[in-house]
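# Remarks on the overall topology
Read off the chains here:
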Amino acid sequence: MDINSAVGRKAGLSDEKLLGLARGDLAPFSRDELLVIELADAMVSTPSNISDELYARLREKFSEEQLLQLSAQIAFENYRARLNRVFDVGSDEIYKPEVKQAS
């Protein structure tokens, strides 16, 4: 987990969801969020393939403009991740889950 996790938390993403992603536990996510995760998975696969069926489900939930914005952001994050691998850029350990205080 790195800077995007810390930024995600500031934007309202819960630790439950952030940690769920790290563990591969998608239970905390809504149906719409799972659809976006499915899009991201399809986009980062090699070769990437967005099926007509997935596209149709996406268009049921998102406008063309929203889908363009989502896809652009996913593509940008994939670009950054792949670029970081060239230079072996690791985590800065910026993200730290909030520790719940016992009452």
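Computed from a prediction, not measured in an experiment: that's the story for all the values here. (Residues numbered from 1 in each chain as written. Predicted model: local features only at pLDDT ≥ 70, side-chain atom pairs only at ≥ 80, totals over all residues. Heavy atoms only, no water.)

### Notes on the overall build of the chain
Across its full length, the chain holds five helices and zero strands. Taken from N to C terminus, the helices and strands of the chain fall in the order α-α-α-α-α. Residue burial in the chain is summarised as follows: out of 103 residues, 17% are buried. For the chain, the proportion of contacts with a sequence separation of at least 24, taken over those separated by at least 6, is 56%. Summed over all atoms, the accessible surface of the chain reaches about 7800 Å², with 54% contributed by carbon and sulfur. (Helix = DSSP H or I, 4+ residues; strand = E, 2+ residues; numbered from the N terminus. Buried < 20%, exposed > 50% of the residue type's maximum accessible area, 1.4 Å probe, protein only. Contact = heavy atoms within 4.5 Å. Areas by Shrake-Rupley, 256 points an atom, 1.4 Å probe, with all protein chains shown as cover.)

### Comments concerning the pattern of salt bridges
Within this structure, the stated rule accounts for seven salt bridges. Salt-bridge contacts for K17 lead to E33; the nearest nitrogen and oxygen are separated by 2.8 Å. Of the two residues, K17 sits in helix α2 (residues 15-23) while E33 sits in helix α3 (residues 31-44), which places them 16 residues apart along the sequence. Here E53 and R57 are joined by a salt bridge, their closest N and O atoms 2.4 Å apart. (Salt bridge = Lys/Arg side-chain N within 4 Å of Asp/Glu carboxyl O.)

### A word on the nonpolar core
One finds L35, L39, A42, M43, L54, L58, F62, L67 and I74 forming the largest nonpolar core, which totals nine residues. Only α3, α4 (52-61) and α5 (64-86) provide two or more residues apiece to this core. If one sorts the elements of this core by residue count, α3 sits on top with four residues. For L35, the contacting residues outside a window of four places in its chain are L54, R57, L58, K61 and F62. (Core = buried A, V, L, I, M, F, W, Y, C linked by side-chain atoms within 4.5 Å.)

### Some thoughts on unusual backbone geometry
Residue T46 is joined to P47 through a cis peptide bond whose omega torsion reads -5°. Within the secondary structure layout, P47 lies in the loop between α3 and α4.

### With respect to the confidence of the model for the chain
For the chain, per-residue confidence averages 85 on the pLDDT scale, and residues scoring 70 or more make up 85% of the total. Per-element confidence in the chain is highest for α4, whose mean pLDDT is 97, and lowest for helix α1 (residues 3-10), whose mean pLDDT is 73. (pLDDT = per-residue confidence, 0-100.)

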